[in-house]
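Observations on chain architecture
The primary structure of each chain is shown beneath.
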Amino acid sequence: MAKKWYIVHTYSGFENRVKQALEERIKQYNLQEYFGDIVLPMEKVVEVVKGEKKTSSHKVYPGYILINMELNRRSWHLVQDTPKVTGFIGGQNDPVPLPDAEAEKIIQQMEERSVKPVPKYHYEKDDKVIVTEGPFANFHGVIDEVKPEKGKVRVLVSIFGRSTPVELEFGHVQKVG
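Quick summary incoming for the structure in this document. Please read all numbers here as calculations on a predicted model, not as lab measurements.

**Section: the environment of I106**
- Tracing the sequence through the fold places I106 in helix α3 (residues 100-115).
- Taking the C-alpha atoms as reference points, I106 and V60, separated by 46 residues in sequence, lie 9.4 Å from one another.
- When residues no more than four places from it in sequence are discounted, the contact partners of I106 are P41, Y61, L66 and L98.

**Quick notes on unusual backbone geometry**
- Located in the positive-phi region is K84, a residue other than glycine, with phi close to 75 degrees.
- Following the sequence through the fold, K84 ends up in the loop between α2 (73-80) and β6 (85-88).
- The phi dihedral of F160 falls on the positive side, at around 55 degrees, and the residue is not glycine.
- Structurally, F160 can be placed in the loop between β10 (152-159) and β11 (162-169).
- Residue classification places F160 among the exposed residues on the basis of a relative accessible area of 84%.

**What about the sheet that holds β11?**
- The strand order across the open sheet formed by five strands is β11-β10-β9-β8-β12, and the pairing between neighbours is antiparallel. Only two strands of the sheet have a single partner each, and these edge strands are β11 and β12 (173-175). Between one strand axis and the next, the sheet turns through 45 degrees on average, direction left out of account.
- As judged from the six bridges shared by strand β9 (residues 140-147) and β10, these two strands associate in the antiparallel manner.

**Notes on the side chain of E70**
- Summarising the element assignment, E70 is placed in the loop between β5 (64-69) and α2.
- Of the buried charged residues, E70 lacks a salt bridge, with K3 as the closest side chain of opposite charge at 6.2 Å.

**Focus: the pairing of β5**
- Along β5, five of the six residues are buried, which leaves the element largely enclosed by surrounding structure.
- With six bridges connecting them, strand β1 (residues 4-10) and β5 associate as antiparallel partners. Each bridged residue has a counterpart across the sheet, and for V8 the counterpart in β5 is I65.
- Summarising the sheet, strand β2 (residues 35-39) and β5 pair through three bridges and their orientation is antiparallel.

**Considering the sheet that holds β5**
- Spatially, the four strands line up as an open sheet ordered β2-β5-β1-β6, and their pairing is antiparallel. The strands lining the two open edges of the sheet, one partner per strand, are β2 and β6. When strand polarity is set aside, the average angle formed by the axes of neighbouring strands in this sheet is 30 degrees.
- Where α3 meets the sheet, its contacts fall on β1, β2 and β5, and the angle it forms with β1 comes to roughly 65 degrees.

**What to know about a nonpolar patch on the surface**
- A cluster of nonpolar residues, Y61, Y64 and I89, forms a patch on the protein surface that exposes about 240 Å² of accessible area.
- Among the residues examined, I89 registers a relative accessible area of 35% and is labelled partly exposed.

**Things to note about helix α1 (residues 15-28)**
- Helix length check: α1 (14 residues) gives 20 Å between terminal C-alpha atoms against 20 Å at 1.5 Å per residue, within 8%.
- Looking at α1, one finds that the buried residues are E15, V18, A21, L22, R25 and I26. Buried residues in α1, looked at end-on, bunch into an arc of 135 degrees, giving them a common side. In α1, the exposed positions angled more than 90 degrees off the buried face are occupied by R17, E24, K27 and Q28.
- Looking one or two residues beyond α1, the residue adopting positive phi is N30, at roughly 55 degrees.

Basis of the calculations
Residues numbered from 1 in each chain as written. Predicted model: local features only at pLDDT ≥ 70, side-chain atom pairs only at ≥ 80, totals over all residues. Heavy atoms only, no water. Helix = DSSP H or I, 4+ residues; strand = E, 2+ residues; numbered from the N terminus. Contact = heavy atoms within 4.5 Å. Buried < 20%, exposed > 50% of the residue type's maximum accessible area, 1.4 Å probe, protein only. Pairing = 2+ DSSP bridges. Axes fitted to C-alpha atoms, helices over the stretch in contact; angles between N-to-C directions. Lys, Arg positive; Asp, Glu negative; His and termini not counted. Salt bridge = Lys/Arg side-chain N within 4 Å of Asp/Glu carboxyl O. Patch = residues over 30% accessible without salt bridge, like charges linked within 9 Å, V, L, I, M, F, W, Y side chains within 5 Å. Areas by Shrake-Rupley, 256 points an atom, 1.4 Å probe, with all protein chains shown as cover. Expected span 1.5 Å × (residues − 1). Arc of directions from axis to C-beta.

Written as structure tokens, this is what we have:
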């Protein structure tokens, strides 16, 4: 029987621990022949904080990991009995495998995003926003210009009935509507 990809639900925030526990249990019970890769889908995210670019890793699917495995009674029990695992996606007793194309797409996206991080915030001209910090907090406005290299947006806010351009960091505005 060939190995297939399965999605396993874990307690949110425990994905790394579940991955480590699975790897240890596979060795402990000598079931390496039934298991391939165990993947925690991550992406690198770039954000500008106080004028400095910071890169961090974020889980793409919090609470889920991908396991390449041959499904049989022993492998199913090993995964199911791992602490902080709530179960397989697609049926508890007879889980449905993820199509290979979908798994490859997820893994390819992870690889691409590790080389070229994605911006944490995505704004476009004419997006309606509310200012969340600074002297213009709680003011509503419309994005007039996006400056991704600086991590800033120019927002037109209404002050005394007049549209006034204000340059703000990505993290100081939030989309509305």
